[in-house]
Amino acid sequence: MSKTAEKFRSISPAEFFYRNKEIAGFSNPARALYQTVRELVENALDATDAHGILPDIQVVIERDPNKPIVYRVSVKDNGIGIPPQYVPDAFGRVLFSSKYVLRQTRGMFGLGAKMVVLYSQITVGEPIEVVTSPINSRRIYAFKLLIDVRENKPIVLYRASWRKESDWHGTYVKVAVEGDWGRSKSKILEYIQRTAIITPYANIYFKDPEGRVRIYRRVTTKIPPPPRETKPHPHGIDLEMLKLMIKSSDASTLQEFLEKEFQGIGKVTAGRFLRSIGLDPSRSLASLTRKDIERLAEALRSYKDFRPPRADHLSPIGSEIIKIGLSAILKPEFVDAVTRKPAVYGGHAFIVEVGIAYGGAIQPSDSPILLRFANKIPLLYDERSDVAWKVVSENIDWGYYGIQFPAPLAVLVHICSTKIPYKGVGKESIADVPVIEQEIENGVRQVARSLKSYLARKKREEEMARRVVTIIKYIPDIARSLSVFTRASEPKIPSEELEARLFEIVKSKVGVAPSIKSPRDVVISVE
Ligand code: ADP
Ligand code: MG
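All of these numbers come straight from a predicted model, not from anything done at the bench.

Cut-offs applied
- Residues numbered from 1 in each chain as written.
- Chains lettered and ligands numbered in written order.
- Predicted model: local features only at pLDDT ≥ 70, side-chain atom pairs only at ≥ 80, totals over all residues.
- Heavy atoms only, no water.
- Buried < 20%, exposed > 50% of the residue type's maximum accessible area, 1.4 Å probe, protein only.
- Helix = DSSP H or I, 4+ residues; strand = E, 2+ residues; numbered from the N terminus.
- Pairing = 2+ DSSP bridges.
- 1 Å grid on protein atoms, 1.4 Å probe; cavity = no way out; pocket = protein on both sides within 12 Å on 5 of 7 lines; lining within 4 Å.
- Points joined across faces, edges and corners; volume = space filled by probe spheres on them.
- Nonpolar A, V, L, I, M, F, W, Y, C, P; charged D, E, K, R; others polar.
- Axes fitted to C-alpha atoms, helices over the stretch in contact; angles between N-to-C directions.
- Left-handed = near helix turned anticlockwise from the far one by under 90°.
- Contact = heavy atoms within 4.5 Å.
- Near = heavy atom within 4 Å.
- Polar contact = N/O pair within 3.5 Å; in protein donor to acceptor, adjacent residues only side chain to side chain.
- Areas by Shrake-Rupley, 256 points an atom, 1.4 Å probe, with all protein chains shown as cover.
- Sits in = over half its atoms within 2 Å of the grid points.

### Describing the pairing of strand β4 (residues 139–148)
Of all ten residues in β4, seven are buried; the element is thus mostly enclosed. Count of turn residues in the strand β3 (residues 128–133)/β4 antiparallel hairpin: five residues. Note that β4 and strand β5 (residues 153–163) share ten bridges and pair antiparallel. Residue pairing across strands places Ile147 opposite Pro154, the latter belonging to β5.

### Some words on the layout of surface pockets
One number sums up the size of the largest pocket: a volume of about 760 Å³. Taken together, 38 residues form the lining of the largest pocket, with Asn43, Ile82, Ala90, Ser98 and Lys99 sitting closest to its centre. The set of elements that each furnish at least two residues to the lining of the largest pocket consists of α2 (29–46), α3 (87–92), α4 (112–123) and β6 (170–178). Ranked by the residues each element gives to the lining of the largest pocket, the list is headed by α2, at six residues. Looking at the lining of the largest pocket residue by residue, the class counts come to 20 nonpolar, ten polar and eight charged. The computed volume of the second largest pocket comes to approximately 550 Å³. Around the second largest pocket, the lining is made up of 26 residues, and of these Leu102, Met241, His348, Thr418 and Lys419 lie nearest the centre.

### Here we look at the packing of helix α12 (residues 434–485) against helix α13 (residues 495–510)
At a minimum axis distance of 8 Å, the contact between α12 and α13 shows a crossing angle of 145°. When you trace α12 past α13, the crossing you get is right-handed. Side by side, α12 and α13 meet where Val468, Ile471, Ile472, Ile475, Pro476, Ile478, Ala479, Arg480, Leu482 and Ser483 of the first sit next to Ser495, Leu498, Glu499, Leu502, Phe503, Val506 and Val510 of the second. For the contact of α12 with α13, a count of residues per class yields 13 nonpolar, two polar and two charged.

### Structural notes on the site of ligand 1
Not every one of the 21 residues close to ligand 1 is listed here, only the nearest: Ser97, Ser98, Lys99, Gly110 and Lys114. Asp77 is positioned such that a nitrogen or oxygen atom in its side chain is 2.8 Å from a nitrogen atom of ligand 1. In isolation ligand 1 offers 540 Å² of accessible surface; the protein chains occlude 93% of this area. Among the detected pockets, ligand 1 sits in the largest pocket. Within the residue set of the shell around ligand 1, elements represented by two or more residues are α2, α3 and α4. Residue contributions to the shell around ligand 1 peak at three residues, all from α4. The class makeup of the residues in the shell around ligand 1 is ten nonpolar, eight polar and three charged.

Encoded structure:
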């Protein structure tokens with residue numbers, strides 16, 4: 001019997017994701033085409049609205065005339081651009097990002113653009129093209145690159161730069177991937193449409209492989225305040241993170257370290273906290289033993305008297321913009337939205353926003369159309385495993401709010417946080433963290449109540465209109481009878497005149513729809 005020894009080796013992050021591309025959403029040609037569009041659009045939006053720039057985004061998908069399974073996807077933005085020295089790593093080194101800070105952005109894994117390059121490289125083999133001009137630069141920089149999978153580093157095949165003739169700044173990315181437009185069309189269109197709902201302050205141009213152009217024009221210049229960077233809250237810390245923070249801090253004492261590196265800890269609190277766990281506030285960081293650091297991490301997570309996490313660094317969309325977005329795209333008869341107060345889970349602040357749209361051009365369906373968003377990203381897959389689905393389809397009894405399905409109802413749920421509890425790196429659904437579920441439920445109930453009172457008001461008004469109509473309908477009869485009773489000594493009032501007078505009285509007392517100009521019109525309006 002021969003026993004072979006196992007061979008051990010480690011692989012690079014690029015190789016890991018190259019082997020496991022499904023977990024990042026690149027599982028088949030249809031899904032991969034969708035994911036490619038998504039990653040590039042999200043980067044484009046992060047480069048614009050997160051910096052206060054009203055986005056102009058152009059997305060083009062073309063089919064290769066010779067190889068119908070090959071698609072070229074390009075996305076152009078008017079964002080801040082990428083400094084040329086970072087372009088190769090931004091697109092060619094897995095886990096390289098400018099978003100590894102605590103700030104609310106769409107990206108944050110440092111993975112998206114590289115997954116696109118890796119997938120393109122596996123399926124087609126052409127290099128990715130990147131053209132960029134940073135916001136204050138007078139030049140344009142162009143690159144073509146691939147990824148060295150073994151080493152996790154970029155291979156730059158082409159590099160050029162030239163003086164800028166226009167005042168464009170931003171980034172243009174073009175990549176060839178194997179895709180399946182037929183099977184991803186509905187998802188991609190939905191993705192673009194939902195992006196337009198949540199960013200009504202953007203111009204979005206989309207040309208599909210069939211040559212059809214869809215343009216979502218900016219309908220407001222109101223833009224949410226750009227997210228700011230924040231420091232970690234002690235309740236969200238773990239041992240490894242604490243070690244890293246201690247290593248990179250230049251604070252000279254323990255007290256100064258807590259005060260400087262965390263949010264929610266002032267000088268007084270720092271002193272009181274440290275003494276409560278038996279650590280001297282004036283100790284130097286270098287003198288901490290492994291045991292001290294473990295104790296510190298544990299206590300930071302559980303100490304009750306820190307200020308709660310702040311949410312002023314978050315960038316919710318705001319109820320106004322949500323209403324504008326829902327109205328512009330869905331064209332409903334009723335719309336409302338609410339931005340909830342900040343709440344906290346596991347040391348991370350988050351804000352839930354809920355919008356509701358009813359009637360108008362919305363098609364009736366058997367359950368509410370759920371529009372899910374996290375940090376302004378539309379989430380389309382894995383709907384049934386998302387906490388928002390649970391709330392909308394299980395927790396809420398819509399009958400109580402006057403809705404009987406099928407009904408033309410859409411519910412928008414947006415969660416923003418520096419840490420979204422996604423269920424996977426494909427960023428498609430959100431885990432059911434109890435406080436998040438509660439916040440969503442409260443938000444949905446709030447807008448559902450507002451819909452309920454709208455529907456009740458509408459019903460009352462309709463009833464009233466019906467009653468008025470019934471009265472008016474009989475005016476000609478009444479006028480005729482009255483005309484018979486006029487005294488013989490007085491000139492007879494013609495029934496037409498009586499009719500008109502009675503109609504005036506009803507009109508002034510209860511109000512009549514402007515389309516009804518005389519009692520004779522009523523016959524037409526009563527069905
Ligand atoms: P992530 O978005 O999670 O940071 P990506 O791999 O998608 O990771 O992108 C890596 C980095 O490349 C980003 O952090 C950003 O700095 C830069 N980048 C990518 N696309 C753009 C763009 N369109 N405009 C500006 N910067 C970009
Ligand atoms: Mg990204």
